[in-house]
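Listed below, chain by chain, are the residues.
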Amino acid sequence: MLNQIVEALKKRSNLAGWTVRHVRTRGAQVYAVPQGIESQRAVDGERYIIDVLRNTSTPDGSPALGSGDASLLPGEDIGHTIDQATLVAGLVANPVHGLPGPAALPDVPLYDTDLQNDASNVMRDVMDHIRAEAAKHVDVRLTAAECFGEVHNTHLVNSRGINAEQESTQIDIEFVLHSQKGERESETFEAMTRRRVADLNVESAIEDRARYTLDSLEAEAPTSWQGPVVLRQNALAIFMAGDNLNGSVIQTLASAASKYAGFSPWEVGKPVFRSEAKGDSLTVWANRCLPFGSASDRFDAEGLPAQRIELIRDNEFVAFAAGQRYADYLQIPATGAFGNIELPAGKTPASTLLVEPYIEIVQFSWFNPDTITGDFGTEIRFGYLVQNGIRTPFKGGQLVGNYMDALADVRWSSEIGFFGSYFGPHTARFNDLKIAGQGQGG
Amino acid sequence: MTELKLPIAMAELRPVLGDIVELGMDLAPYFSVLLSSRHGLSIVVDNREERVTERAPTAGTVLSGFDGSTNFERAVGGFNREEILAATRDFIQGTPFQKYAPQAESERRGDFVTPVQIDPLELSVQEKLDRCRAVQARAKVRDARIVNVRVVYNELNEHAVFADASADLAQRVQRVNMFVIVIVIGTAGEVRYDFSAKSGSAGWEVLNWSDEEIQSVVDGALALLNAERIEPGEYRIITTPGVSGTICHESFGHGVETDMFLKERARAAHFIDKVVGSPLVNIADDPSQPGSYGSYFFDDEGHMAAPTQIVENGIFRRGITDRYSATALEIPRSANGRRQDYSRKAYARMSNTFFSPGASTLEEMIAQVAHGIFLDKWSSGMEDPQGWGIQVTCHYGHEIKGGKITDRVFAPIGITGYVPDVLQSITAVSNVLEMDGGTCGKGHKEQVPVASGGPHLLLTARLG
């Protein structure tokens, strides 16, 4: 059917360009509750997504371009779908932009071979592994777990000659550990997205969460704090790369689309900080080539090849991440979709960054900074006050501040780690952050 | 009443669903079929470009077999009759169902359609684009500091057919929303923005903007150029209906989804028929509420929509359920078994969740506050059913001093607190009920359209 769509598009002389993607997914899902397996699902889907460009004109007669899109399921009417997309494209008059042409595609590792071959069994094995590891901890119980495994295949063809195919796998797991001591209950929640089972590290994830669950039983609300705050591992990854719901501040401000819309004040060659940087200098890449990165690919939805783009070098903004449209609008190179966040290793061993006293935040309720202004006021689900050699657990309180101001005064560990969509130092010490806890009044 | 017109492939498959259910019930103690099609349109118009795009459509068939302990499902893309029949045979023969006698359910039959005055499916794309352009044109000229005005229109067209041994149901649910986002720049180059939204299970008739409403968004963005960070601490606050609704959603919405009871993740499970808030607190979830963004006629498990009283005069009465958790917990079902789309399982999810209105006027409430904060607008929230913590982020709030709202603005403001403490602190409830539409996740995924709302509330909470 893809060939039929391509042939039909080639015959449309009123189109300035087109892209068609054939997307197939298949997967398996397993859900557990304390009583056993709640649900098992097998899922598949297939569709064709057509994007077309059409020459139009502005009200004053200047050349312009319109775009339109439409999807169809196997067996649906190809001509009617192309008509729909073409009709929409004819209604819009945007500045003219192009489509990417053929280019060499990097060989980015994206899939787990076992999952490709048998998603159902692999997901059942992952669930069994989670349950077995949790069962090793006598004082905590696994009260919920979800395992999703999907295989995605995308075949993209466009009017400039791109004809590319890629296959990737994605695993999403969640689990909840619960503990109880008298009247007090606690739980910790973990969610991970990875490309392959080997990167889940279920054993260490459950080990860590079991410890936090037990410590959480002793946790009280924190007092207010201003000073060093340490983020490690997953908490740092979420701070740097955002989550499924909220992209990162850097991703928004370094996006050519944001720049074009007036959301981003960043300028190439200018500092990214509004005040003097006091900590380690900041260098950041947007990297779609990261092996098994959860935001990696060989090519993006426009067909642009994966790249590793230096966004910020030593606190100075270097380049915007730009799809073809916004690259053409801003007359900058097209880099494609954003991808994963990568930082270089810092200069300081993590152990040296843990100079007491400090606060370590293990888990946010939801770190959701305003991605335009960078301001945040986010509840802390669980953390530790570390002083005099004692780690005192706490829960509650709000981390309050501004994202870029925080990055202007941070020291990065020399040890690095891979956390799905973040690759970089696994520990960061923010030298002067504020936690609103007990003891202040309005 | 608008006539229900199903997508052709769905309409063609519907007559054989009885046969598929019969086939499924040869081996599965309970068997159902859901046909689900969700598509939509997005239009974005701003100062620099326009985009008209299809919202990523989903269309597929869910075959569900339940044996009392596990819910087995096969989800197949599309509505091809032969493929669905083959998948049903393969599914039931390959699934190890245990013996189980499901509870008999009442007969449910009918076709349902969201009542609309200006049907989005009857308007051309050109007409919708022109309407968005008109709103954008009215906003962008209002102040020289505006660098961009973005108008975002979304329509979601949902069609569903559900069949089991005692149900033959079909519905079309039509949802629309529109955002106006104003971006301004200050003298030091700082970028600030404000937004407002309208939404409903309705047509274009709910997307009219007055000049005052548009000016209010511009004023809000400009005021943020001078906003301060609030000194963290405990404050007397008054919440607008949108903020009230978000508190409600995150506390006695997520906190009473009974799948969370089953997973031992909800503290509310220990509080049935106990006091959880001031006597002024009444909370309900109602998918049958006319016009609200989270409404529907039956849920994704074929249960007919009806209101659920969650909190009554400060006492927690019951939660909202999906089939599995209601069965396992042996409690009555409510119509809250919802899926993101055919590719995801059903969970207990909210629909339209709200504090019921009280007797006070807003003016009376403001007059009671010597020093506090009027929380104008919410931007996000996150649940914590086990810890019963609240995290609600407000885009901004105004100072209240001496019983009057001042021009002093704080942004952003986070509200945190322990749910019963926050609800116990409510001392006045206004006499209005307004609902805000939005999208709700279960944790960080499983997005479904919902509404939340209520009246203004006067309460005490920690801000930061």
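Residues numbered from 1 in each chain as written. Chains lettered and ligands numbered in written order. Predicted model: local features only at pLDDT ≥ 70, side-chain atom pairs only at ≥ 80, totals over all residues. Heavy atoms only, no water.

**Section: the packing of helix 4 (residues 119-135) of chain A against helix 5 (residues 202-216) of chain A**
Residues and elements named next belong to chain A. Our working definition: Helix axes are fitted to C-alpha atoms over the stretch in contact, other axes to C-alpha atoms as well, and angles between N-to-C directions run from 0 to 180 degrees. Note on conventions: DSSP H or I runs of at least 4 residues are helices, E runs of at least 2 residues are strands, and numbering of each starts at the N terminus. Note on angle classes: values under 35 degrees are labelled roughly parallel, values over 145 roughly antiparallel, values of 65 to 115 roughly perpendicular, and the remainder oblique. Note: crossing handedness is left-handed where the near helix turns anticlockwise from the far helix by less than a right angle, and right-handed where it turns clockwise. Contact definition: two residues touch when any of their heavy atoms are within 4.5 Å. Amino acids outside the nonpolar list (Ala, Val, Leu, Ile, Met, Phe, Trp, Tyr, Cys, Pro) and the charged list (Asp, Glu, Lys, Arg) are all regarded as polar, and Gly is one of them.
Relative orientation of the contacting elements helix 4 and helix 5 amounts to 40°, with a least axis distance of 9 Å. Relative to helix 5, helix 4 is oriented oblique. Like other packed secondary-structure pairs, helix 4 and helix 5 cross with a definite hand, here right-handed. In this structure, helix 4 contributes H129, I130, E133 and A134 to the contact, and helix 5 contributes V202, E203 and I206. Taken together, the residues of the contact of helix 4 with helix 5 break down into four nonpolar, one polar and two charged.

**Some words on the domain arrangement of chain B**
Residue and element names in this part refer to chain B. Put simply, the rule reads: Source of the domain bounds: an automatic or database domain assignment. Here the quantity called buried area is the accessible surface, traced with a 1.4 Å probe, that two parts lose on coming together, added over both. Criterion for a salt bridge: a side-chain nitrogen of Lys or Arg within 4 Å of a carboxyl oxygen of Asp or Glu.
Looking at the assigned domains, one finds that chain B contains domain 1 (8-226) and domain 2 (233-463). Spacing between the C-alpha centres of domain 1 and domain 2 amounts to 22 Å. Taken together, the 48 residues of domain 1 in the interface contact 32 residues of domain 2. With both sides pooled, the region where domain 1 packs onto domain 2 buries about 3000 Å², and carbon together with sulfur makes up 58% of that total. The partner of E105 in a salt bridge is R323, with the nearest N and O atoms 3.1 Å apart.

**Re the pattern of salt bridges**
The condition is simple: A simple rule labels every residue: compare its accessible area, found with a 1.4 Å probe on the protein chains alone, to the largest value its type can have, and call it buried under 20%, exposed over 50%, or partly exposed in between.
In this structure the tally under the stated criterion is 55 salt bridges over all chains. Between R21 of chain A and D51 of chain A there is a salt bridge, with its nearest N and O atoms 3.8 Å apart. Taken together, the positions of R21 of chain A in strand 1 (residues 17-33) and D51 of chain A in strand 2 (residues 36-57) put the pair 30 residues apart, joining distant regions of the chain. When its relative accessible area of 26% is taken as the criterion, D51 of chain A is described as partly exposed. Residues participating in the shared-partner salt-bridge network are E146 and E174 of chain A together with R344, K445 and E446 of chain B.

**What to know about helix 6 (residues 241-252) of chain B**
Three- or four-residue spacings in an α-helix give side chains the same orientation, since the helix completes a turn every 3.6 residues. The condition is simple: What a helix should span is 1.5 Å times the count of its residues minus one.
Counted at 1.5 Å a residue, the expected span for helix 6 of chain B with its 12 residues is 16 Å, and the 16 Å between its end C-alpha atoms agrees. Among the 12 residues in helix 6 of chain B, 12 count as buried, and that is most of the element.

**A closer look at the sheet that holds strand 17 (residues 416-418) of chain A**
Residues and elements named next belong to chain A. Note the cut-off: At least two bridges found by DSSP between two strands is the condition for calling them paired.
The six strands are arranged 10-9-8-11-18-17 in an open sheet whose pairing can be described as mixed. Strand pairing shows two members of the sheet lacking a second neighbour, strand 10 (316-317) and strand 17, which therefore form its edges. Set on the sheet, helix 6 (residues 233-241) makes contact with strand 11 (340-342) and strand 18 (422-425); between it and strand 18 the angle comes to about 115°.

**Here we look at the side chain of E342 of chain A**
All names here are of chain A. What counts, and what does not: In protein, a polar contact requires one atom able to donate a hydrogen and another able to accept it; more generally it is a pair of N or O atoms within 3.5 Å, and residues adjacent in sequence count only if both atoms are side-chain atoms.
Examined against the element boundaries, E342 turns out to sit in strand 11. A distance of 2.8 Å separates the side chain of E342 from the side chain of N287, its partner in a polar contact. Separated by 2.9 Å, the side chains of E342 and R308 make a polar contact. If we ignore the near neighbours within four places in the chain, the residues touching E342 are T283, V284, W285, N287, R308 and F423.

**A few points about unusual backbone geometry**
Residue P357 of chain A is bonded to the preceding E356 of chain A through a cis peptide linkage, with omega at 0°. Along the chain, P357 of chain A turns up in the loop between helix 10 (350-353) and strand 12 (358-364). In this model, A411 of chain B is joined to P412 of chain B through a cis peptide bond whose omega is -20°. Looking at the element boundaries, P412 of chain B is found in the loop between strand 17 (404-410) and strand 18 (413-418). Even without being a glycine, D314 of chain A presents a positive backbone phi close to 50°. Phi angles above zero are rare outside glycine, and N315 of chain A is one such case at about 75°. Locating N315 of chain A in the fold gives a position in the loop between strand 9 (308-313) and strand 10. With a relative accessible area of 15%, N315 of chain A lands in the buried category.

**Describing the interface of chain B and chain A**
On the chain A side, the residues contacting the 78 residues of chain B number 73 residues. Between chain B and chain A, the buried area comes to about 6300 Å², and carbon and sulfur atoms account for 47% of it. Across the chain B-chain A interface, the total number found is nine salt bridges. Measuring nitrogen to oxygen at the nearest pair gives 2.7 Å for the salt bridge that ties E49 of chain B to R325 of chain A.

**Points about the pairing of strand 4 (residues 141-158) of chain A**
All names here are of chain A. A large share of strand 4 lies buried, amounting to 16 of its 18 residues. Alignment of strand 1 against strand 4, held across 14 bridges, turns out to be antiparallel. Opposite H22, over in strand 4, you have H155 as the bridge partner. Bridge analysis of strand 4 against strand 5 (residues 163-181) gives 16 bridges, and the strand direction is antiparallel. Paired with C147 across the strands is I173, a residue of strand 5. Turn length for the strand 4-strand 5 hairpin, with the two strands adjacent in sequence and antiparallel, is four residues, and the turn residue G161 shows positive phi of about 110°.

**As for empty space enclosed by the protein**
Residue and element names in this part refer to chain B. What counts, and what does not: Every definition here rests on a 1 Å grid over the protein atoms only: cavities are sets of points where a 1.4 Å probe fits but cannot get out, pockets are open sets enclosed by protein on both sides within 12 Å along at least five of seven lines, and lining residues have some atom within 4 Å of a point. Grid points are joined across faces, edges and corners, and a volume is the space filled by probe spheres set on the points.
Enumeration over the complete set of coordinates arrives at four cavities of 30 Å³ or more. Space inside the largest cavity adds up to approximately 140 Å³. Around the largest cavity, the lining is made up of 16 residues, and of these R38, E158, Q171, R175 and D300 lie nearest the centre. Among the secondary structure elements, those contributing two or more residues to the lining of the largest cavity are strand 1 (30-45), strand 5 (146-164), strand 6 (167-185) and strand 21 (445-454). When its residues are assigned to classes, the lining of the largest cavity shows six nonpolar, three polar and seven charged. Domain assignment of the residues forming the lining of the largest cavity places at least three in each of domain 1 (8-226) and domain 2 (233-463). A volume near 70 Å³ is recorded for the second largest cavity. Along the walls of the second largest cavity sit Y30, S32, S64, F66, N71, E73, F162, D300, E301, R323 and R339, which together make up its complete lining. Those elements that place two or more of their residues in the lining of the second largest cavity are strand 1, strand 2 (50-66) and strand 3 (71-77). Looking at the lining of the second largest cavity residue by residue, the class counts come to three nonpolar, three polar and five charged.

**Focus: the side chain of H159 of chain B**
All names here are of chain B. Along the chain, H159 falls in strand 5. The class of H159 is buried, set by a relative accessible area of 5%. Residues within four places of H159 in sequence aside, it is in contact with L4, K5, L6, P7, M10, L35, S36, S37, H39, Q171 and R172.

**Details of the sheet that holds strand 9 (residues 283-285) of chain B**
Residue and element names in this part refer to chain B. With mixed pairing, six strands are arranged side by side in an open sheet as 11-10-9-14-21-20. A strand with exactly one partner marks an edge of an open sheet, and here the two such strands are strand 11 (315-316) and strand 20 (434-442). Across three bridges, the pairing between strand 14 (residues 352-355) and strand 21 is parallel. Across the sheet, residue N352 finds its bridge partner in strand 21, namely A451. Helix 6 contacts strand 9, strand 10 (308-312), strand 11, strand 14, strand 20 and strand 21 of the sheet and is inclined by roughly 130° relative to strand 21.

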